[in-house]
Amino acid sequence: MSHEFRTVGSELLVDAPIIAVRRDDVVMPGEVVAQREIVEHLGAVAVVALDESNRVAMVEQYRHSVAKRLWELPAGLLDVKGEDELSGAQRELQEEAGLAAEEWAVLTDLVTSPGFCEEAVRVFLARGLSSVEKLAAEGDEEADMSFAWVPLEEAVERILAGEIVNSIAVAGLLAAYACVQEGRAARSVDAPFELRPQSLAQRRPGPDLKKL
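If you're wondering where the values come from, they're calculated on a predicted model, not measured in any experiment.

What counts and what doesn't
- Numbering of residues starts from 1 in every chain and runs along the sequence as written.
- Only residues with pLDDT of 70 or above have their local features reported here, since the model is predicted, and side-chain atom pairs are shown and tallied only from 80 upward, although totals for entire chains, interfaces and linings are computed over all residues.
- In computing side-chain properties, one takes all heavy atoms of the structure into account and sets aside hydrogens as well as water.
- Either an automatic procedure or a domain database provided the assignment from which the domain bounds are taken.
- Contacts are assigned to residue pairs that have any heavy atoms within 4.5 Å of one another.
- Buried area is calculated as the accessible area (1.4 Å probe) missing from two parts once they are joined, with the contributions of both summed.
- Within this document, salt bridges are pairs made up of a side-chain nitrogen of Lys or Arg and a carboxyl oxygen of Asp or Glu, the two lying within 4 Å of each other.
- Classification convention: Asp, Glu, Lys, Arg as charged; Ala, Val, Leu, Ile, Met, Phe, Trp, Tyr, Cys, Pro as nonpolar; all other residues, Gly among them, as polar.
- If DSSP finds at least two bridges between two strands, the strands pair.
- Only DSSP runs of H or I reaching four residues or more are called helices, and only runs of E reaching two or more are called strands; each is numbered from the N terminus.
- To define axes, lines are fitted to C-alpha atoms, for helices over the stretch in contact only, and angles between the resulting N-to-C directions are given on a 0 to 180 degree scale.
- Using protein atoms alone on a 1 Å grid, points that fit a 1.4 Å probe yet trap it form a cavity, whereas open point sets bounded by protein on both sides within 12 Å along at least five of seven lines form a pocket; residues with an atom within 4 Å of a point count as lining.
- Grid points are joined across faces, edges and corners, and a volume is the space filled by probe spheres set on the points.
- What a helix should span is 1.5 Å times the count of its residues minus one.
- With a 1.4 Å probe rolled over the protein chains alone, any residue whose accessible area is under 20% of its type maximum counts as buried; one over 50% counts as exposed, and the rest are partly exposed.
- Any N or O atom pair separated by 3.5 Å or less is treated as a polar contact, with the protein-specific requirement of one donor-capable and one acceptor-capable atom, and with residues adjacent in sequence counted only for side-chain atom pairs.

Caption draft 1: How the structure looks around the domain arrangement of the protein. Taken domain by domain, the protein comprises domain 1 (4-38) and domain 2 (42-197). A separation of 30 Å is found between the C-alpha centroids of domain 1 and domain 2. Contact residues are listed per partner, giving four residues for domain 1 and four residues for domain 2. Summing both partners gives a buried area of about 320 Å² for domain 1 against domain 2, and 54% of it is carried by carbon and sulfur. The largest per-residue losses of area from domain 1 upon contact with domain 2 belong to Ile18, Arg22 and Ile38, which jointly make up 82% of the total buried on that side. Counting the contacts that link domain 1 with domain 2 gives one salt bridge. A salt bridge links arginine 22 to glutamate 118; the nearest nitrogen and oxygen atoms lie 3.0 Å apart. When grouped by side-chain class, the residues that make up the side of domain 1 that touches domain 2 number two nonpolar, no polar and two charged.

Here it is, written out as structure tokens:
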């Protein structure tokens, strides 16, 4: 039989606006209790927005953890209490790209760093695009953000060349390429997002989940 990993104790170590860190006591095989540090996260959404020419809307944003500007998809945290994933994706697409879309589908769900972090991201495909007024940027990095339309095939080449390295962008672009070039089917936006983290959302009253 498979071992049942049970959490028998937990301690909150750090509580910050967009993450928290806790230490869990976990029962391992042989009934040994081991400690695991977990980064709690709000979860996120990202959007592969394709125009009629199969160009993808991309943004370049400074990421201090790697001290570089990275080419990414329009994306953001699920930091509004009770907001569904599609609404979050629509908000981020308007905020970062000034776009709205008529057609939406789910490309992929991914866990970015499962060895230590809860972060899970739902990546959407958006088509039938139109320009709308951009929402006001909230973060300092967003004020420095660049925007570009990149042909989907070129974006894949840039992944292979090591020029696009953001893991969410890599997964979303390759999934979109499979749908566009190979006719693979994306999922309905109603597909349950079972990986969405809940720790921070359950502990914080909201509505802005970034506020302690």
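Caption draft 2: The arrangement of the sheet that holds strand 1 (residues 6-15) in detail. One open sheet accounts for three strands, arranged 1-2-3; its pairing is antiparallel. Every interior strand has two partners, whereas the edge strands, strand 1 and strand 3 (32-41), have only one. Between one strand axis and the next, the sheet turns through 20° on average, direction left out of account. Bridge count between strand 1 and strand 2 (residues 19-28): eight bridges; the pairing is antiparallel.

Caption draft 3: Broad picture of the layout of surface pockets. Quantified by volume, the largest pocket comes out at close to 1,300 Å³. Around the largest pocket, the lining is made up of 38 residues, and of these Ile18, His41, Gln61, Arg63 and Leu77 lie nearest the centre. Per-element accounting of the lining of the largest pocket gives the leading share, four residues, to helix 1 (residues 85-97). Tallied by class, residues from the lining of the largest pocket come to 15 nonpolar, 10 polar and 13 charged.

Caption draft 4: Seen up close, the pattern of salt bridges. A full pass over the atoms with the stated rule returns 23 salt bridges. Aspartate 109 serves as the salt-bridge partner of arginine 122, at 2.8 Å between the closest nitrogen and oxygen. One end of the pair, arginine 122, is in strand 9 (residues 120-131); the other, aspartate 109, is in strand 8 (residues 99-111), and 13 residues separate them in sequence.

Caption draft 5: Just the side chain of glutamate 85, in detail. Here glutamate 85 lies in helix 1. When neighbours within four sequence positions are excluded, glutamate 85 is seen to be in contact with Val45, Leu78, Arg122, Phe124, Phe193 and Arg196.

Caption draft 6: Region of the structure containing helix 3 (residues 167-182). For helix 3, built from 16 residues, the straight-helix expectation of 22 Å at 1.5 Å per residue is met to within 8% by its first-to-last C-alpha distance of 22 Å. Looking at helix 3, one finds that the buried residues are Ile168, Ala169, Gly172, Leu173, Ala175, Ala176, Ala178 and Cys179. Elements that come into contact with the buried residues of helix 3 comprise strand 4 (44-49), strand 5 (55-63), strand 6 (68-72), strand 8, strand 9 and helix 2 (152-160). Between a side-chain oxygen at the N-terminus of helix 3 and the backbone nitrogen of isoleucine 168 the separation is 3.0 Å; the capping residue is asparagine 166. Taken from the residues just after helix 3, glycine 183 is the one with a positive phi, measuring 70°.

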